[in-house]
Structure formats: structure tokens, C-alpha cells
Amino acid sequence: MNQKIRNSLLDYNKIPESFWAAHPQLREEYREASEKYDLIYHESMLGGKLAIAERERRQGELVGLLDEIASLLEMAAVRTPELLILSGFDLAKERRTHSRAKKAAASQNDQDSIPA
């Protein structure tokens, strides 16, 4: 999945330079993190515990960068909707469920019942 997104985000024909102008370091950070993740991912397939731990750490870093990029794409898509399609991200509509609200309320009730 990451390779599809990386190929799309780093393709100047799909995502114009103007998109990255406000955050020029973000594209480079993402490219480097993606390359490092791919290397450690393949190394971790051999089952080394250190490599697996490093893969998990790098995966978290990569997800953080992708979240930041996705937020920027959402803002840019207000004026240029095709950016979302060209980005390589899979588009999905966020669905809020009642159980999510119930869990939040239950969590708040649990916190309220803890004596100070």
C-alpha cells in the first residue's frame, strides 16, 4: 500500500510542485521514511526481533507523516478535488457509529467515578 501512495505522491505529473510549496520538507521526510521502512520491512521478514521492533517504530513514523499529508490533501482538494484521486490514497467515507459515542460516554463515566 505504501509503495502505491509513494509512487503517486512523488510523481510531479500527478501531485504538482505547488502542493508541496508550503511544506517542502514534508515530501523529502516522507520519501526518506518510506525508503527506510521498505528496507526494514524486508529485513524483518526474516524474523529478527530487533528488525521487527524497528519496523514497528518506523511504521508509526510513516503513519504520522501520511496523516499530515492526508490533512494537507484534504485542504487542497477543496479547490482541486482530483488531488485526492491522484494521491494514491484509498478514499473512504468516515462512518460514525453510535457505539463510538457510547464508548466515549462510558469512558467519561469511569473517569468521573474515580475518587480524587
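The following paragraphs examine the structure supplied in this document. Given the structure is predicted, the values throughout are model-derived calculations rather than measurements.

## Let's talk about the pattern of salt bridges
A full pass over the atoms with the stated rule returns 8 salt bridges. Between arginine 6 and aspartate 38 there is a salt bridge, and its shortest N-O distance comes to 2.6 Å. Here aspartate 38 lies in helix α3 (residues 24–44) and arginine 6 lies in helix α1 (residues 2–9), a separation of 32 residues in the sequence. The class for arginine 6 is buried, based on a relative accessible area of 13%. Here arginine 58 ties to glutamate 54 by a salt bridge, and the two come within 2.8 Å at their closest N and O atoms. You can see arginine 58 and its partner glutamate 54 sitting in helix α4 (residues 49–76), 4 residues apart, about one turn around the helix. The class for arginine 58 is buried, based on a relative accessible area of 17%. The partly exposed category is assigned to glutamate 54, whose relative accessible area is 22%.

## Observations regarding the nonpolar core
Grouped together as the largest cluster of nonpolar side chains are 18 residues, with contacts concentrated most on Leu9, Phe19, Trp20, Tyr30 and Ile69. Only α1, α2 (17–20), α3 and α4 provide two or more residues apiece to this core. A total of 7 residues in this core trace back to one element, the largest contributor, which is α4. Setting aside chain neighbours within four positions, we find isoleucine 69 in contact with Leu9, Phe19, Trp20, Leu26, Tyr30 and Phe89.

## So, the packing of aromatic side chains
All chains considered together, the criterion is met by 2 aromatic pairs. Plain terms: the ring middles of phenylalanine 19 and tryptophan 20 are 4.9 Å apart, the flat faces sit at 85 degrees to each other, and that makes the pair edge-to-face. Taking the relative accessible area as the measure of exposure, phenylalanine 19 reaches 11% and is therefore buried. The class of tryptophan 20 is buried, set by a relative accessible area of 1%. Look at tyrosine 37 and tyrosine 41: their rings are 6.0 Å apart centre to centre, the planes differ by 35 degrees, and that puts the pair in the tilted class.

Each value, and the rule that gives it
- Every chain is numbered independently, its residues counted from 1 as its sequence is written.
- Totals for whole chains, interfaces and linings use all residues, but because this is a predicted model, local features are given only for residues with pLDDT of at least 70 and pairs of side-chain atoms are given and counted only at 80 or more.
- Just so you know, side-chain values use all the structure's heavy atoms and leave hydrogens and water out.
- The term salt bridge refers to a pairing of a side-chain nitrogen on Lys or Arg with a carboxyl oxygen on Asp or Glu at a separation within 4 Å.
- The numbering of helices and of strands both runs from the N terminus, where a helix is a DSSP run of H or I of at least 4 residues and a strand a run of E of at least 2.
- Only protein chains enter the accessibility calculation, which uses a 1.4 Å probe; a residue whose area is less than 20% of its type maximum is buried, one above 50% is exposed, and one in between is partly exposed.
- In plain words, nonpolar cores are sets of buried Ala, Val, Leu, Ile, Met, Phe, Trp, Tyr and Cys residues tied together by side-chain atoms within 4.5 Å.
- Residue contacts are counted whenever heavy atoms from the two residues lie within 4.5 Å of one another.
- Aromatic contacts are taken between Phe, Tyr and Trp rings whose centres are within 6.5 Å, Trp giving its six-membered ring; a plane angle under 30 degrees counts as stacked, one over 60 as edge-to-face, and the others as tilted.

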